[in-house]
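Notes for the structure review
Each chain, written out:
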Amino acid sequence: MQFISRLSFQNKIMLVTLAMLLFVVVTGAVAIERLILPAMEKDLEFEAGRVNRTVLSQVVELPREDFESEAKRRLFTLFQVRPKLLFVELTDADNRVIFQMEKEALGEGIDRWISEGVQPGSLYSREKTPHGPIYEMVTQTRGSHVSNAPLTVRVGFSTKSLDDLGRQLFQVLITTALVLLVVSFFVTRWFTRMIVLPVNRLLGMAHCLATGRLEDVVKEVKAKFPCANSDFGGEGVLDKGPGEFTPYCSRCPLARNGEVMEAPLPPRDSADPCSQCAVYARSGKDELSRLFLAFQCMAAGIRSYQERLRLRYEFEQRLLDACPDGIMANDREGRIILFNKGAERLLGYESKEVLETRFSVEQIYPPREAHAVKKALLSEEYGGPGILVDYSTEVIRKDGRSIPIRLSAAILYKGSQEIAVVGFFHDLSELREYMDAIIQANNSLDAANKRLSRLNRHYMEMLSFVTHELKSPVSNAFMSANALKQGIFGSLSRDQDFMVDAVCRNLTQSMEMIRHYLDLARIERDEFPVQKRWTPILAEIVEPVLKGMGNAIRERGVKVEVNIPDDFCWNLDPELFRGVFTNLVGNALKYGEESGRIRITVQREDGGVRMEVWNSGAGVREGDRHRLFQRFQRLQGPRGGAVRGTGLGLFITRTIVERHGGTIHSEGEEGSWISFVIRLPSTSESQGEEECQMNQ
Amino acid sequence: MAEDRILIIDDDPSFLEITGAILRRFGYDVLTADNTVEGLRCIETEQPDLLILDIMMATMDEGLRFAVKLRQNEKLRRLPIIIISAQPDTEKGYSRDLDEDMDWIAADIFMEKPVDPQALKENIQLLLSREQSPR
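Keep in mind that this is a model prediction, so the values were computed, not measured. Each chain has its residues counted from 1, running along the sequence as written. Each chain is given a letter, starting from A, and each ligand a number, starting from 1, according to the order in which they appear as written. Where totals are concerned, whole chains, interfaces and linings use all residues; where local detail is concerned, this predicted model gives features only for residues with pLDDT of at least 70, and gives and counts side-chain atom pairs only at 80 or more. To obtain the side-chain values, all non-hydrogen atoms of the structure were used and water was disregarded.

1. What about a nonpolar patch on the surface?
The patches reported here contain residues having more than 30% relative accessible area and no salt bridge. Joining distances are 9 Å for like charges and 5 Å for nonpolar side chains (Val, Leu, Ile, Met, Phe, Trp, Tyr). In these tables, accessible area is a Shrake-Rupley quantity obtained with a 1.4 Å probe, and a residue counts as shielded only by the protein chains included in the view. Any Lys or Arg side-chain nitrogen found within 4 Å of a carboxyl oxygen on Asp or Glu counts as a salt bridge. Together, Leu431(A), Tyr434(A), Met435(A), Ile438(A) and Ile439(A) line one region of the surface with nonpolar side chains, adding up to about 500 Å² of accessible area. Considering the arrangement of structural elements, one finds Tyr434(A) in helix H11 (residues 429–485). Strands are runs of DSSP state E lasting at least 2 residues, helices are runs of H or I lasting at least 4, and numbering of each runs from the N terminus.

Right, dumping it as structure tokens:
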């Protein structure tokens, strides 16, 4: 304010001007009163004396006889036209009027006072009459050649003209003073505005800049921007929208990519492109203009920076709001200072009510949980200290509901000073619902599975029991039929033999089915122990199997070729593998070519063993082979029809092979041949191998 | 030559009947018992030349244990035994421990049901001839 007061000397100038005017007026008035008017009175007095002397000179020599008439005539002629002359009176010694002009006009009631400075022989007096003051000169002359009687001349001059002149002088003085006052007012005002207003504007702009009201600065400046090279044709760009706000032309080295780098400085030399810029040309050496320029550039720069900050802030705000997770930050006192849309959705609070009150972060956690979170944040257990990754906890919504969340957080530092903690809250309620649903479904499935397992076990136990119980009568029937067929009870007729043979075949199939079902039941009950020992493959596995199936082989007219060294031993369960070969050879007999060939090969391969049962015949389509080892899968018979069976043989075979750590697959050519290849891995168990080989 | 006497112990009467009939057709004197108690008594009183024994009777391993008991009996340990099981080879897991204890060959020959009559006859003949030959 002090500076403003100093700057507002407009009023002082006005006061000084007024004082000077007053002084001039007073001086003028004094001069008029004391100098001009007295001088004019002297002049009148001198004129009166001159008139007197003229009168006397005209009459003093007149002869006595014509004295009066001649005097009248001369004086009349003399004073016919004499401005300011109010009256002329010539009287003789007897006070008789010889000549009088306009005396009547003076009227009565004259106040007369004798003036000083009476010249010798004359009396100067001033009178005040109803018509205004007059100057009267009375001159007496003693003796003349006509008459020695003294003559008295009275000459009166009106002071009206003198008064008028004085009035006019005062009027001129006052008028001149008033004119000067008005002119000086406007001149002073103009002059002070020239100085004060720009400074005030600059001060106002500086104040706006200081208080961050850049919009007001921009509005205040409102000037066309002085850069002549501007892409906007030299027009001011302060009114442009966000993003276009640059006060520089595209060639300006102070601007990079349209962004303000720094305020323009005076060009250093003529090579500077800005030396052509009207910014400097226009500013010249005028400090105020340059100061305005500096303010404009400062405002433009700050506005540009502010605009970028605003865009950045809006981008970050949009980023925060776009985040589906809740993001919150709290200061050192635990007061929440950041609360995005995700946090609003998660907790049910509006950001306004959180940020505008002293809302503590502890309020969003269950009791003592905030302390636990802080402890975890400072520990090393979750990626810390200072970092918290995937910490599972709960938050309390505004409506009191508890929400499970996964929290990741970090402490923000300024230098070594902790300033805030920012946390990312991922809502797990939906996931928990899914998990609960999955757990529930899993429990249901588990219960169903247990029920199914129990049912299956019951089924398998029943199957096992039934098949087991069936086996004895079937075995007995088979034995009886075999006895008949073998003629133990006498020879059979051809028809009887055919029928008994049919009974035997059916009973054989029944026995096989019973065996399969019993195996299946044991597999399902996981009662399938593998007892390995070094076993001669030919003597203990293949030969017994072939012997047991001798009748069937003979009936089918199949030629069996066995390629197994006599002393070939392997570490396996011989009883289980007799079942394997029984199934494979049985399949070869059932599905293979009648009067065809079966080849059984066992040999070492890559440290393990390769077993193959090959037979000629229709084989299986390649696309169907992968189904062969599934349970209840039946192959087509040699004539395309179904062959009675359980569809379990190859499943049981695969199970036995896999329990030995091996694999089985089929190869073949449809319509020509098929083989089943078993590969067992090398064995580390060598005890008994040599003995096995020696015994063969 | 007197008929060789064969004792069949099985809790399945049908098997006893059928096997008995077959063996009689083969010319053997056949005795049957449907449990091991009666079978032991029969062995002691009738002194059969060969025993055909079922494994699984009242209990799972009754036949095997009975065979072991006979083997441990000084007077009876030379009695030839053919054990017949209703279980397939692959199903004998239940008796593995027993096998190891008894070396499994508490019997002379093991046969699986259904028994082939001719094979049974051959095995009987084999054992009887071995029994009658000087040791």
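2. Looking at the packing of H11(A) against helix H12 (residues 494–524) of chain A
Two quantities define a packed helix pair, namely the angle between the helix axes and the distance between the axes. Residue and element names in this part refer to chain A. Axis angles are defined between N-to-C directions and span 0 to 180 degrees, where every axis is a line fitted to C-alpha atoms and, for a helix, only to the segment in contact. Interhelical geometry of H11 versus H12 gives an angle of 155° and a closest axis separation of 8 Å. What the angle tells us is that H11 and H12 run roughly antiparallel. In the crossing of H11 with H12, the sense of the turn from one axis to the other is left-handed. We call Asp, Glu, Lys and Arg charged. Ala, Val, Leu, Ile, Met, Phe, Trp, Tyr, Cys and Pro are nonpolar, and the rest, Gly among them, are polar. Here the residues of the contact of H11 with H12 are counted per class, giving 18 nonpolar, eight polar and five charged. Throughout this description, any angle smaller than 35 degrees is read as roughly parallel, any larger than 145 degrees as roughly antiparallel, any in the 65 to 115 degree range as roughly perpendicular, and the remainder as oblique. Helix crossings get a hand from a simple test, with the near helix turned counterclockwise from the far one by less than a right angle marking a left-handed crossing and a clockwise turn marking a right-handed one.

3. Some remarks on the sheet that holds strand S17 (residues 597–605) of chain A
Residues and elements named next belong to chain A. Taken together, five strands build an open sheet; the order of strands is S15-S17-S18-S20-S19 and the sheet is mixed. What marks the edges here is a single partner per strand, and that holds for strand S15 (559–563) and strand S19 (663–669). The mean angle between the axes of side-by-side strands here comes to 15°, regardless of whether they run parallel or antiparallel. Summarising the sheet, S17 and strand S18 (residues 608–616) pair through eight bridges and their orientation is antiparallel. Each residue of the ladder has a partner; that of Arg604, found in S18, is Val609. Contacts are assigned to residue pairs with any non-hydrogen atoms lying within 4.5 Å of each other. Contacting S19 and strand S20 (673–680), helix H17 (residues 649–659) crosses the sheet at an angle of about 135° to S19. For two strands to be treated as a pair, DSSP must find at least two bridges joining them.

4. Thoughts on the packing of aromatic side chains
Any two of the Phe, Tyr and Trp rings considered here, Trp counted by its six-membered ring, make a pair once their centres fall within 6.5 Å; the pair's planes then place it as stacked at under 30 degrees, edge-to-face at over 60, or tilted in between. Scanning the entire structure with this criterion turns up eight aromatic pairs over all chains. Residues Phe568(A) and Trp570(A) carry aromatic rings whose centres are separated by 6.4 Å and whose planes lie at 15° to one another, so their mutual orientation is stacked. We classify Phe568(A) as buried; its relative accessible area is 8%. On the basis of relative accessible area, Trp570(A) is assigned to the buried category, the value being 3%. Just above the ring of Trp614(A) sits the side chain of Arg599(A); from NZ or CZ to the centre is 4.4 Å. Any Lys NZ or Arg CZ that is within 6 Å of a ring centre and within 35 degrees of that ring's normal is treated as a charge sitting over the ring. Lying across the ring of Phe15(B), Lys113(B) places its NZ or CZ 4.4 Å from the centre. Type-normalised accessible area, obtained with a 1.4 Å probe on protein chains alone, sets the label of each residue: buried when under 20%, exposed when over 50%, and partly exposed for intermediate values.

5. Some remarks on the pattern of salt bridges
Here the idea is simple: oppositely charged side chains can pair when their charged atoms come close. Within this structure, the stated rule accounts for 24 salt bridges over all chains. We note a salt bridge from Arg610(A) to Glu612(A), for which the minimum N-O separation is 3.1 Å. Like Arg610(A), the residue Glu612(A) is buried in the burial classification. Here Arg5(B) and Glu46(B) are joined by a salt bridge, their closest N and O atoms 3.3 Å apart. On the criterion of sequence distance, the pair formed by Arg5(B) in strand S1 (residues 5–9) and Glu46(B) in helix H2 (residues 36–46) is long-range, its members being 41 residues apart. Here Arg5(B) falls in the partly exposed class, since its relative accessible area comes to 25%. When its relative accessible area of 32% is taken as the criterion, Glu46(B) is described as partly exposed. One continuous salt-bridge network, built from bridges that share partners, spans Lys485(A), Asp501(A), Arg505(A) and Glu555(A).

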